[in-house]
Amino acid sequence: MNITRHFFVFIFLVLVLTACSDNNYKGENYVSYDSMDELALQVLESIKTKDDKKLLHLLDNQAITLDALFAANTITANQLKARLQTPQGQKQLEQEQLSQKMKIQSFLTAGLDNQIKTPLSQLKMTGFEVSSNKPYAENSPAWQQEYNVVLDDQTGNYYHYKITVIQWEQKFHLIEAAGFLDKQ
C-alpha cells in the first residue's frame, strides 16, 4: 500500500513539474518565422496578392496563444486557463477566430481597394516599427509584440499595417492582423 502511495506522489510531482516547465513551446504546432523580416515579407505578399488564405494560414497560431498562457504560472493566468476550458470559453475562442477570419477576408476582398488606388504590385515594404513589447502574460516566457509594417505604394504614399506577434524561442508567430491600412 505504501509503495502505491509513493508511486502516485511521484507521478503527481512529475506532472506538476512538467506543467510548470518552460517546455510548453511546441514549435511543430505553430506557423513561425526565424525573423520579423521573413514574417513581414509574407504579410506583404499576402496583401499584394489579396491572398486571404495565405494570411489566414500565417494567423493560424491559436495553439501558441494557449501554450504561452499555460506556460505562465500566476493567479490571473490560472483563472484565464480555467475559463478557457469551459464551454463558454471555447465558444468565445471560436467566435474570436471567426471574427478574425471575416475581418481579413473583408480587408483583402473589398477594403484594400478602397484604401489604395495604385496597383498592389507596386507596394514595397520599407521596414517595420515596434510599437509595443511586453510579456504575453505575467511570468510567461513568450513576448507579445505589436509592429507597424511600413508600406510604400511608390507614389509618395506610405501606409502602416498593424500586426501582433508572439516571440518565443527566437521565433516569430503572427497572432493578429489589422483589417485596414493606416495612411501616413
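A few points on the structure.

What counts, and where the lines are drawn
Residues numbered from 1 in each chain as written. Predicted model: local features only at pLDDT ≥ 70, side-chain atom pairs only at ≥ 80, totals over all residues. Heavy atoms only, no water. Helix = DSSP H or I, 4+ residues; strand = E, 2+ residues; numbered from the N terminus. Buried < 20%, exposed > 50% of the residue type's maximum accessible area, 1.4 Å probe, protein only. Areas by Shrake-Rupley, 256 points an atom, 1.4 Å probe, with all protein chains shown as cover. 1 Å grid on protein atoms, 1.4 Å probe; cavity = no way out; pocket = protein on both sides within 12 Å on 5 of 7 lines; lining within 4 Å. Points joined across faces, edges and corners; volume = space filled by probe spheres on them. Nonpolar A, V, L, I, M, F, W, Y, C, P; charged D, E, K, R; others polar. Core = buried A, V, L, I, M, F, W, Y, C linked by side-chain atoms within 4.5 Å.

1. Concerning the overall build of the protein
Tallying secondary structure elements over the protein gives six helices and five strands in all. Each helix and strand of the protein, placed in order from N terminus to C terminus, yields the pattern α-α-α-α-α-α-β-β-β-β-β. Considering the protein as a whole, with its 184 residues, one finds that 37% of them fall into the buried category. Accessible area for the protein stands at about 10800 Å²; split by element, carbon and sulfur atoms hold 54% of it.

2. A word on unusual backbone geometry
What is expected of a backbone is that most residues other than glycine have negative phi and most peptide bonds are trans. A positive phi angle is found at E169, which is not glycine, with a value near 55°. The residue E169 is located in the loop between β3 (158-168) and β4 (171-177) in this model. Residue E169 is classed as partly exposed on the basis of its relative accessible area of 41%. Even without being glycine, Q170 reaches a positive phi, approximately 55°. Inspection of the secondary structure assignment puts Q170 in the loop between β3 and β4. Judged by its relative accessible area of 64%, Q170 falls in the exposed class.

3. Observations regarding the layout of surface pockets
Its boundaries defined by the atoms lining it, the largest pocket holds a volume of some 720 Å³. Residue lining of the largest pocket: 24 residues in total, with Q62, T65, E96, Q97 and I175 positioned closest to the centre. Listed by contribution, the elements that provide at least two residues to the lining of the largest pocket are α4 (62-71), α5 (75-84), α6 (87-115) and β4. For the lining of the largest pocket, the leading source of residues is α6, giving nine residues. When the residues that make up the lining of the largest pocket are grouped by side-chain class, the tally is nine nonpolar, ten polar and five charged.

4. Focus on the nonpolar core
In globular proteins that are soluble, nonpolar side chains generally tend to be buried together. The biggest cluster of nonpolar side chains holds 30 residues, and the ones touching the most others in it are I47, L55, L151, Y161, I163 and L174. Among the elements of the structure, α2 (36-48), α3 (52-58), α6, β2 (143-152), β3 and β4 are those that each provide at least two residues to this core. For this core, the element with the most residues is α2, which contributes six residues. Counting residues in each nonpolar core, the second largest holds nine residues, with A142, I166, W168 and I175 among its members.

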